[in-house]
Each structure stands twice: as structure tokens, then as C-alpha cells.
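# Structure at a glance
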Amino acid sequence: DQQVKQNSPSLSVQEGRISILNCDYTNSMFDYFLWYKKYPAEGPTFLISISSIKDKNEDGRFTVFLNKSAKHLSLHIVPSQPGDSAVYFCAAMRVSSNTGKLIFGQGTTLQVKP
Amino acid sequence: DTAVSQTPKYLVTQMGNDKSIKCEQNLGHDTMYWYKQDSKKFLKIMFSYNNKELIINETVPNRFSPKSPDKAHLNLHINSLELGDSAVYFCASSQQWTGGFGTEAFFGQGTRLTVV
């Protein structure tokens, strides 16, 4: 039972344009959401997060939007750069579980073309 | 200065062998984890330790045994390796969650285990 889903395995955008990566979740108990970026042969690196009490969080070129009623979040990258080409993982956590356990989506491979 | 480091990066071994993967973090975090990324690229949690105490043990075969000698180290020992154990194993650490807010985990570079 996949509680966090990234339904687009891949996305290709032109440099300078906006990249939008999507993520859906099924467990309404999740209250903290994160995006990670992963390059080949490296570990995931944290990008940005959002608490369920917010609907938007912005950090430079990266913005995460949360729609709790739809159980949907998205990551916007503006403007996209070739160095953003990587696999992006969405992850969710139930803070009240006090375990720090992350449930990951299956990832979306982003290719930014020069 | 690597925050979460794990060794080895690559491990090729025969079925039936016993192997260990070591992990160390220098971030001063209280909690450490082992995640497994399988051939379908799913990242799933295996174990979590908080201050050397096991707090998560997902449905992992008991051939896998984590050991935490101190809160900066979490090693993974695997007995009687099987072909299906081939995967990438990631160690991670995070600060203790406080105030009802989540916190991000920092990951090591991964250990690609290949069982032949």
C-alpha cells in the first residue's frame, strides 16, 4: 500500500522555465512533508519542507505548495537550471508518531535541457 | 567534512556470507536510521535508533541486525546474505523532533550491496 505517490516517473523542461513536480498522499495523519533531491550514486539531500499548518513554503527558487483537502503537494522550481536535473523524492511524516519515520514516494526524474 | 558517512560504498559478496555496513554521523543528532532502496527505486525505512534505543523495526528479516554502540554510530549487520538483499542501503540521521514540528533527515551516500 503506497501511501505517498509520485505518478510522473519523469519530467523534461527547458532551462529557465518552471518545473512542477507533483505528489499525492493517502494518509490524512501525515502532517509534515519534505522534498529531497538525489543525484546518481549519492544520497538524497533535503530541499524544502512544509508543515500541514501551512499551504506554501518558499526557499529561493523552490516553492512547495500543500493542498490538504486534496492530499496533494507540489514542488515548483523557477527558473529551472540544468544542475536541477536529478531524481526528486516526496516524503511524508506523522510527527505525532515521535519516530521521525519518512514515507517516500517513488521519485520523479527531472531533466532540465539547456 | 561529511555529515553522515557510511562504508563501504560498494559491496559485492556471495550468497550465504555475513557482512556489515558502518555508519557515522557528526551532526550531533539523536536519531539514526537505515533505509533500503530496492530495484524499483522505492526508499523504505528498515530501522531507527534514538539515543541507542531501537524505536522502529519494520518487517525486516531477522538476518538484519542493527547495532548502535553510541548515538553517533549505527551499523547494519546482515547474516546469510540472499540474492534478494541486493539493494542500496542508506544511513540517515535527524535531530530529535520537538514542539510538534517535523525535522529533516540527512542521508549518507549509500552502500550498493550486490549479492552474487
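In case you missed it, the structure is sitting above this.
Report follows, based on the coordinates. Sequence order sets the numbering: in each chain, residues are counted from 1 along the sequence as written. Labels are handed out in written order, letters beginning with A for the chains and numbers beginning with 1 for the ligands. Given that the model is predicted, a residue must reach a pLDDT of at least 70 before its local features are reported, and side-chain atom pairs must reach 80 or more before they are shown or counted; all residues, however, enter totals for whole chains, interfaces and linings. With hydrogens and water stripped out, all remaining heavy atoms of the structure feed into the side-chain values.

### Overview of the overall build of chain B
This is how the line gets drawn: What counts as a helix is a DSSP run of H or I of at least four residues, what counts as a strand is a run of E of at least two, and both are numbered from the N terminus. Only the C-alpha atoms count toward the radius of gyration. The rule for a globule is 2.2 Å times the residue count to the power 0.38. Whether a residue is buried, partly exposed or exposed follows from its accessible area with a 1.4 Å probe, protein chains only, as a fraction of its type maximum: under 20%, in between, or over 50%, in that order. Whether two residues are in contact is decided by their heavy atoms: any pair within 4.5 Å suffices. Only four residue types enter the tally: Lys and Arg on the positive side, Asp and Glu on the negative side; His and the chain ends are excluded. Note on charges: their place is set at NZ of Lys, CZ of Arg, CG of Asp or CD of Glu.
Per the secondary structure count, chain B includes 0 helices and 11 strands. Starting at the N terminus, the α and β elements of chain B follow one another as β-β-β-β-β-β-β-β-β-β-β. Scaling as 2.2 N^0.38, a compact globule of 116 residues should have a C-alpha radius of gyration of about 13 Å, and chain B matches this with 14 Å. Seen through its principal axes, chain B has C-alpha atoms that stretch 45 × 30 × 30 Å. Burial analysis of chain B (116 residues in total) assigns 46% to the buried set. A separation of at least 24 residues holds for 56% of the contacts in chain B among residues at least 6 apart in sequence. Side-chain charges of chain B comprise 12 positive and 11 negative groups, with the mean position of each set lying 7 Å from the other.

### Some details on a nonpolar patch on the surface
To keep things clear, this is the line we draw: Residues form patches when they are more than 30% accessible in relative terms and have no salt bridge. Like charges link within 9 Å. Nonpolar side chains (Val, Leu, Ile, Met, Phe, Trp, Tyr) link within 5 Å. Shrake-Rupley sampling with a 1.4 Å probe provides the accessible areas, and residues are treated as covered by the protein chains on show and by no other component. Note on definitions: salt bridges are taken to be side-chain nitrogens of Lys or Arg within 4 Å of carboxyl oxygens of Asp or Glu.
There is a patch of nonpolar side chains on the surface, built from I18(A), I20(A) and V78(A) and spanning about 220 Å² of accessible area. Positionally, I18(A) belongs in the loop between β2 (10-14) and β3 (19-25).

### Considerations on the pairing of strand β8 (residues 73-78) of chain B
Residue and element names in this part refer to chain B. Cut-off, in case you're wondering: The rule for pairing is simple: two strands pair if DSSP sees at least two bridges between them.
The side-chain alternation of β8 yields one buried face, formed by L74, L76 and I78, and one unburied face, formed by H73, N75 and H77. Looking at chain direction, strand β3 (residues 19-25) and β8 are connected through 4 bridges and run antiparallel. Residue pairing across strands places S20 opposite H77, the latter belonging to β8. In terms of strand pairing, strand β7 (residues 64-70) meets β8 through 5 bridges, oriented antiparallel.

### Let's talk about the pairing of β3(B)
Alignment of strand β1 (residues 4-7) of chain B against β3(B), held across 4 bridges, turns out to be antiparallel. In the strand pairing of β3(B), T7(B) is matched with K22(B).

### Some remarks on the interface of chain A and chain B
Note the cut-off: Two parts lose some accessible area (1.4 Å probe) when they are put together, and adding that loss for both gives the buried area. We define a polar contact as two N or O atoms separated by no more than 3.5 Å, with the added condition that, inside protein, one atom must be a possible hydrogen donor and the other a possible acceptor, whereas residues neighbouring each other in sequence contribute only through side-chain atom pairs. Note on residue classes: Ala, Val, Leu, Ile, Met, Phe, Trp, Tyr, Cys and Pro are nonpolar, Asp, Glu, Lys and Arg are charged, and everything else, Gly too, is polar.
Taken together, the contact between chain A and chain B spans 22 residues of the former and 25 residues of the latter. Considering only the surface of chain A that becomes buried against chain B, T99(A), K101(A) and F104(A) emerge as the three largest contributors, covering 23% of it. Close ionic contact of K101(A) with E58(B) constitutes a salt bridge, the shortest N to O distance being 3.1 Å. Joining chain A to chain B, the criterion identifies 4 residue pairs in polar contact (both at pLDDT 80 or more). Where the side of chain A that touches chain B is concerned, the elements lending two or more residues are β4 (32-38), β5 (45-51) and β9 (86-93) of chain A. The element best represented in the side of chain A that touches chain B is β4(A), accounting for 4 residues. Residue classes in the side of chain A that touches chain B are distributed as 12 nonpolar, 7 polar and 3 charged.

### What to know about the state of the cysteines
Stated precisely, the cut-off is as follows: The term disulfide is used for any two cysteine sulfur atoms that are within 2.5 Å.
By the definition in use, this model includes 2 disulfides over all chains. Put simply, C23(A) and C90(A) are joined by a disulfide, and their sulfur atoms are 2.0 Å apart. With the S-S dihedral at roughly -70 degrees, the linkage between C23(A) and C90(A) falls on the left-handed side. Of this pair, C23(A) sits in strand β3 while C90(A) sits in strand β9, and the two are 67 residues apart along the sequence. Disulfide partner of C23(B): C91(B), at an S-S distance of 1.8 Å. Between C23(B) and C91(B) the disulfide shows an S-S torsion of about -80 degrees. By sign, it is left-handed. In this pair, C23(B) sits in strand β3 while C91(B) sits in strand β9 (residues 87-94), placing the two residues 68 residues apart along the sequence. The burial state of C23(B) is the same as that of C91(B); both residues are buried.

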